[in-house]
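# Structural overview for review
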Amino acid sequence: MMNNIYAGKAVKILGITKHTNMERSFTLDAHIHGMPGQFVMVSLSHAGEIPISISGFSSTSIEITVRNVGKVTSKLFQLKVGDKLHLRGPYGESFPLEAFDGQHLLIIAGGTGLAAVKPLLECCLDDDEYKPKKLNLLVGFKSPKHLLFKKELDHWQKKGEVIVTVDTTEGETEAWAGGIGFVVDFVKHVGGIGPETKVVLVGPPLMITNIVRELVHNNVREENIWTSFERHMKCGVGKCGHCRIRDKYVCLDGPVFNHVEAKSLID
Amino acid sequence: MTKVHKLRECKIYKDRAKMEGLKLNCDKAEGAFDRIIEDYKVVAPKRIAGKGRFSDMDLVSYDMVESLSDIVFNDRTYFSAKSVFFPIRETMFNYDKGCVEDARIEEKLTIIFLRACDINAINIFDTMFLKNGGYQDCYYKRRRESVKIFLLECPRPFADCFCASMGTNKTDNYSVFIRKEENGYAIRINDEAFMKYFSEGAKAKVEPHFIEDDLGALNIPDSIDCSLFRNKMWEEYSQRCIACGRCNTSCPTCTCFTVQDITIEDNMQKSERWRIWSSCQVKNFSLLAGDHDFRILKGDRMRYKVLHKIIDFRKTFGFNMCVGCGRCDQVCPEYIGMAKCIKKINEICIADREEKL
Ligand SMILES: Cc1cc2nc3c(=O)[nH]c(=O)nc-3n(C[C@H](O)[C@H](O)[C@H](O)COP(=O)(O)OP(=O)(O)OC[C@H]3O[C@@H](n4cnc5c(N)ncnc54)[C@H](O)[C@@H]3O)c2cc1C
Ligand code: SF4
Ligand code: SF4
Ligand code: FES
C-alpha cells in the first residue's frame, strides 16, 4: 500500500441518536485525538466522501452529527448500528481554547451548527484545563421540533447560562418555554457583553453577518469573534482546490477563522 | 520493486563544463531515440492533421511519439501536457465487497518534451500536490516520479505569451535539451542517466536559447487593494464568459479536481472512486447542499482565477501560479485574454496608488 492521504480507516457505528427527521448523531468506534472545531472526512463507497465536524469525543469513540441533505448524507442515514464507514482526519484548525481561558465566552450557534461547537462547550464545562470565567450559550432552531441535543441542553443549562430560541412555534401543540424570534434579537439579552467578550459564532452565512453586526454594535471587538466556515470540499487536505478563498484553504487554515481575517476572505 | 524506483536517483551534472553537448546527424539522432524508446514512453508535441480549431488547420497536441521526426519543435500545443502526471480522470480506489484497494497503474518511465514555461508549471504542480498543507498526494507522486523532462526551445515568442513577464522563461530543470537544426540535432545532456544513449556524435557547445522579451511585456502588481473586488472591470467577463472551463483545462498550472464514486454496473458490490479535473469557471464548483452558492457571476469566477494566478498563490509560495504560456487566451471561444486582464488590473492598481498620493 502507498502512504495514501485519501485512505480512510474502516470504523464501526456503535450507536445512533435520532434528533429530528433530518438530523442524527452517530457514535463511531474511532480513536481520534482531535480538538474542538476540527472535522473528519466521512466516506461511503458508492456515494462519496464529505467533511463533518466532530460533535463529541470520548477516549474510545467520536461522535458526528449529520443533517440529511444529499447523496452521501442520505446513504449514511440508511446505515445501522454495527455497519461500517470510512473515516480520516482530524483536519483543520480548532477553536483557540487558550484565548478563552479565564475570559467571558459567548457561544452562538444556529441549528446543526450546535454540533460543531458542542465539543467546545463540553471542554469548557467539564474540563479543568481551559475554564472561561463565565460561559453563555445562545442557540437558535427553526421550531421546537428542530431541537438537537435536548438532553445535553438540559445538562448545560445547569452549569452555565443558556438561551434557547426558536424562529417560530407555529403548529406546535406543546408549550415552549424558550425564546421566540431570530437569534440575533437575543444577543442583547446576554448579560455582561463587552469589548473583551470572546464570541464563537457558527451558523448559516446570513445569520453570521447579522450577528457580527449586532455584536459590534454591542462593543465586542472584531478580533474577539471567531466563526467557522463551510465551503464545498472534496479532499480536506489542500489538494482539490474547492475550498480555497484567496490564499487560504478552509480545510487547512480553517474552518475556524478569526473575524478580522474572515472579513478579508472574499469568495 | 520496479525499474522506476531504482532509476529515481539520477545525478544532474554539477560540473557543466564536463558535458557541453554534441551534434548528431538525423540518422544517428534517430538511432539514439530508438534506444531511448526501448526504455521510455515519449510524449511530445505532434501534428494531428485537420483537427485544428478552424477548418483546414492542424492541431498541435501532446501525444506519444515513436520517432524524433514526429516531434513538432516550432509550434505551441493547444493543451498542456499535464494529463501525463494528472490524468483527466483517474481511479483512486477500487471497492469490492467492503474491501478497499488503491488503484494500480502501469509505472512506465515517461519522457515529456516541454518548453521552459511548462517546466516551470511542473514546479507549481509539485508545490500543490507535494507541499501544500504538508500533505503529499500519492497518486500524483507515483506518476511524477516516473517523468523525465526534455527541454524544447522557443524559436520566437508565440502570440499572447508572456513568460518573460512572469519570470518563467528560463529553466535548468531538464535532463536533455534537443534542438532541431538544418542537418540534424544539437543535444545537451544534463542528466547522467541519458549519457548511454548518446555514444556517437561530435562534441559541440550547445546552450538553449530562452525568450528574453515578450511581444507584449506585462507588469504584475505586487499587491492589490480590496476595492478591486468591487471594480466594474469584472462586469465585462460576466457578460462574455460562457463558463466552458477551457481556460482551466488548457492551463498547465490548474490543479483542481473533483471526486466521484462510480458503481460498476450489474454488480452493486463493486465501485470505484474517481478523481476528475474540475474548473472554477464552471457552475457548481462551490455549490453547497441546500443550493447555497458562491461566485454566481462569471466575472467573480474570472476574478477568483486571475487573482489566484498572479497574487494569492504567490502570497503563500513566493512565486506566481501563471507561467504566461498564453494557452487560456488561445482556447477561449469568447476571446477573453489573461494578459489583457492582468494589464487592466495593473492599470487600476497604478491609478489607485496615484489617487492616494
Ligand atoms: C468543515 C465542515 C464541517 C461540516 N460539518 C458538518 C456537520 O457537522 N454536520 C453536517 O450535517 N454537515 C456538516 N458539513 C456540511 C456537509 O459536509 C454537507 O452537508 C455534505 O457535504 C453534503 O453532502 P451530500 O453528498 O449529502 O450532499 P450533496 O448535495 O449531494 O453534495 C454533493 C457534494 O458536494 C459537496 N458539498 C455539498 N455541500 C457541502 C457543504 N455544506 N460543505 C462541504 N461540502 C459540501 C460534497 O463534496 C458533497 O459530497 C460540514 C461542512 C464543512 C465544510
Ligand atoms: S493562466 Fe493562462 S497563461 Fe497563465 S499558465 Fe494558465 S493557461 Fe498559461
Ligand atoms: S475559456 Fe473563456 S469563456 Fe470559457 S470559461 Fe474560460 S474565460 Fe470563460
Ligand atoms: S477541501 Fe480540497 S483543498 Fe480544501
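Nothing here was measured: the structure is a model prediction, and the numbers come from that model.

Criteria and cut-off values
- Residues numbered from 1 in each chain as written.
- Chains lettered and ligands numbered in written order.
- Predicted model: local features only at pLDDT ≥ 70, side-chain atom pairs only at ≥ 80, totals over all residues.
- Heavy atoms only, no water.
- Helix = DSSP H or I, 4+ residues; strand = E, 2+ residues; numbered from the N terminus.
- Rg over C-alpha atoms; globule rule 2.2 N^0.38 Å.
- Buried < 20%, exposed > 50% of the residue type's maximum accessible area, 1.4 Å probe, protein only.
- Contact = heavy atoms within 4.5 Å.
- Areas by Shrake-Rupley, 256 points an atom, 1.4 Å probe, with all protein chains shown as cover.
- Lys, Arg positive; Asp, Glu negative; His and termini not counted.
- Charge placed at Lys NZ, Arg CZ, Asp CG, Glu CD.
- Domains from an automatic or database assignment.
- Buried area = accessible area lost by both parts, 1.4 Å probe.
- Axes fitted to C-alpha atoms, helices over the stretch in contact; angles between N-to-C directions.
- Parallel < 35°, antiparallel > 145°, perpendicular 65-115°, else oblique.
- Left-handed = near helix turned anticlockwise from the far one by under 90°.
- Nonpolar A, V, L, I, M, F, W, Y, C, P; charged D, E, K, R; others polar.
- Salt bridge = Lys/Arg side-chain N within 4 Å of Asp/Glu carboxyl O.
- Near = heavy atom within 4 Å.
- Polar contact = N/O pair within 3.5 Å; in protein donor to acceptor, adjacent residues only side chain to side chain.
- Pairing = 2+ DSSP bridges.
- Patch = residues over 30% accessible without salt bridge, like charges linked within 9 Å, V, L, I, M, F, W, Y side chains within 5 Å.

Let us now look at the overall build of chain A. Of the regular secondary structure elements, chain A holds 6 helices and 15 strands. By the compact-globule yardstick of 18 Å for 267 residues, chain A fits well, its C-alpha radius of gyration being 18 Å. Here the C-alpha coordinates of chain A stretch approximately 55 × 50 × 35 Å along the principal axes. Residues classed as buried in chain A amount to 57% of the 267 residues present. The contacts in chain A between residues at least 6 apart in sequence include a share of 69% that link residues at least 24 apart. Total accessible area on chain A stands at roughly 11400 Å², and carbon and sulfur atoms take up 50% of it. Measuring between centres, the 31 positive side-chain charges of chain A sit 6 Å from its 30 negative side-chain charges.

All names here are of chain B. Domains assigned within chain B are domain 1 (18-90 + 101-203) and domain 2 (226-254 + 280-356). In this structure, domain 1 and domain 2 have C-alpha centres spaced 28 Å apart. With 26 residues of domain 1 in contact, the opposing surface of domain 2 contributes 28 residues. For the pair domain 1 and domain 2, the summed buried surface comes to about 2200 Å²; carbon and sulfur atoms form 60% of the total. Area buried by domain 1 at its contact with domain 2 is led by Ile124, Phe162 and Met166, which between them contribute 26% of it.

Our focus in this paragraph is the packing of helix α3 (residues 113-126) of chain A against helix α4 (residues 150-159) of chain A. Residues and elements named next belong to chain A. With their axes 12 Å apart at the nearest point, α3 and α4 run at an angle of 40 degrees to one another. In terms of orientation, α3 and α4 fall into the oblique class. Crossing of α3 over α4 shows left-handed handedness. Residues Leu114, Lys118, Leu121, Glu122, Leu125 and Asp126 of α3 form the contact with α4, whose own contacting residues are Glu152, Leu153, His155, Trp156 and Lys159. Among the residues forming the contact of α3 with α4, the class breakdown is 5 nonpolar, 1 polar and 5 charged.

Our focus in this paragraph is the interface of chain A and chain B. The interface is formed by 37 residues belonging to chain A together with 49 residues belonging to chain B. The junction of chain A with chain B conceals about 3800 Å² of combined surface from both sides, 56% of it contributed by carbon and sulfur atoms. Of all residues in chain A, A:His46, A:Lys239 and A:Arg246 give up the largest surface area on contact with chain B, accounting jointly for 20% of the area buried on that side. The interface formed by chain A and chain B holds 5 salt bridges in total. The partner of B:Arg273 in a salt bridge is A:Glu49, with the nearest N and O atoms 4.0 Å apart. Mapped onto the side of chain A that touches chain B, the elements with two or more residues apiece are β3 (39-44), β4 (48-57) and β6 (84-91) of chain A. Grouping the constituent residues of the side of chain A that touches chain B by class yields 16 nonpolar, 11 polar and 10 charged.

Turning our eyes to something else, we now look at the site of ligand 2. Around ligand 2 sit B:Phe162, B:Cys251, B:Pro252, B:Cys322, B:Val323, B:Gly324, B:Cys325, B:Gly326, B:Cys328 and B:Met338, and those are all the residues in its vicinity. Considering only residue class, the shell around ligand 2 consists of 8 nonpolar, 2 polar and no charged.

Residues and elements named next belong to chain B. The topology assignment puts phenylalanine 85 in the loop between β3 (59-64) and β4 (89-96). Overall, phenylalanine 85 belongs to the buried group, its relative accessible area being 5%. A sequence separation of 56 residues divides phenylalanine 85 from lysine 141, and the C-alpha atoms of the two residues are 8.5 Å apart. Among all residues touching phenylalanine 85, those that are not within four sequence positions of it are Ile112, Ile122, Phe125, Tyr140, Arg143, Arg144 and Val147.

Below, the discussion takes up the domain arrangement of chain A. All names here are of chain A. When the domains of chain A are assigned, the result is domain 1 (9-91) and domain 2 (97-228). Counting residues at the interface gives 15 residues for domain 1 and 15 residues for domain 2. Together domain 1 and domain 2 conceal approximately 1100 Å² of surface at their shared face, both sides included; 62% is due to carbon and sulfur atoms. The largest contributions to the domain 1 side of the interface with domain 2 come from His19, Pro36 and Ser55, which together make up 38% of the buried area. The interface formed by domain 1 and domain 2 holds 1 salt bridge in total. A salt bridge links glutamate 63 to lysine 118, with the nearest nitrogen and oxygen atoms 2.9 Å apart. Seen at the junction of domain 1 and domain 2, the total is 4 residue pairs in polar contact (both at pLDDT 80 or more).

This next bit is on the sheet that holds strand β5 (residues 62-67) of chain A. Residue and element names in this part refer to chain A. As summarised here, the arrangement of the 6 strands in space is β1-β2-β5-β4-β3-β6, forming a closed barrel in which the pairing is antiparallel. The sheet shows a mean angle of 45 degrees between the axes of neighbouring strands, taken without regard to direction. Of the pairings in the sheet, the one linking strand β1 (residues 9-18) to strand β2 (residues 23-28) comprises 5 bridges and is antiparallel in character. Of the residues in β2, the one forming a bridge with lysine 18 is arginine 24. Against the sheet, α3 makes contact with β4 and β5, and its axis sits at roughly 25 degrees relative to β4, the strand it touches most.

Here we come to a nonpolar patch on the surface. Taken together, the side chains of B:Phe54, B:Met57 and B:Tyr335 make up a nonpolar region of the molecular surface, amounting to roughly 350 Å² of accessible area. A residue is classified by how much of its surface remains accessible, and B:Met57, at 38% relative accessible area, is partly exposed.

Time to look at the environment of B:Arg115. All names here are of chain B. Structurally, arginine 115 is set in the loop between β6 (110-114) and α3 (116-131). Residues arginine 115 and isoleucine 149, spaced 34 residues apart in sequence, show a C-alpha to C-alpha distance of 9.6 Å. Setting aside chain neighbours within four positions, we find arginine 115 in contact with Val72, Phe73, Asn74, Asp75, Arg76, Leu151, Leu152, Glu153, Cys154, Pro155 and Phe158. A polar atom in the side chain of arginine 115 sits 3.0 Å from the backbone oxygen of aspartate 75.

Here is the key point about a regular strand: its side chains alternate between the two faces of the sheet. Residue and element names in this part refer to chain A. Direction of pairing for β1 relative to β6: antiparallel, over a ladder of 4 bridges. Pairing of lysine 9 across the sheet is with leucine 87, part of β6. Here β1 folds back onto β2 in antiparallel fashion, the turn holding 4 residues.

Attention now moves to the pattern of salt bridges. Within this structure, the stated rule accounts for 40 salt bridges over all chains. Its salt-bridge partner being A:Glu172, residue A:Lys145 comes within 3.6 Å of it at the nearest N-O pair. Of this pair, A:Lys145 sits in the loop between β8 (134-141) and α4 while A:Glu172 is found in the loop between β9 (161-166) and β10 (179-180), placing the two residues 27 residues apart along the sequence. Note on A:Lys145: relative accessible area 55%, which makes it exposed. For A:Glu172, a relative accessible area of 23% translates into the label partly exposed. Members of the salt-bridge network, linked through shared partners, are A:Glu49, A:Arg88, B:Asp261 and B:Arg273.

This next bit is on a negative patch on the surface. Residues and elements named next belong to chain A. Where like charges cluster on the molecular surface, the negative patch consists of Glu98, Asp101, Asp127, Asp128 and Glu129. Relative to the helices and strands, glutamate 98 is located in helix α2 (residues 97-100). For glutamate 98, a relative accessible area of 53% puts it in the exposed group.

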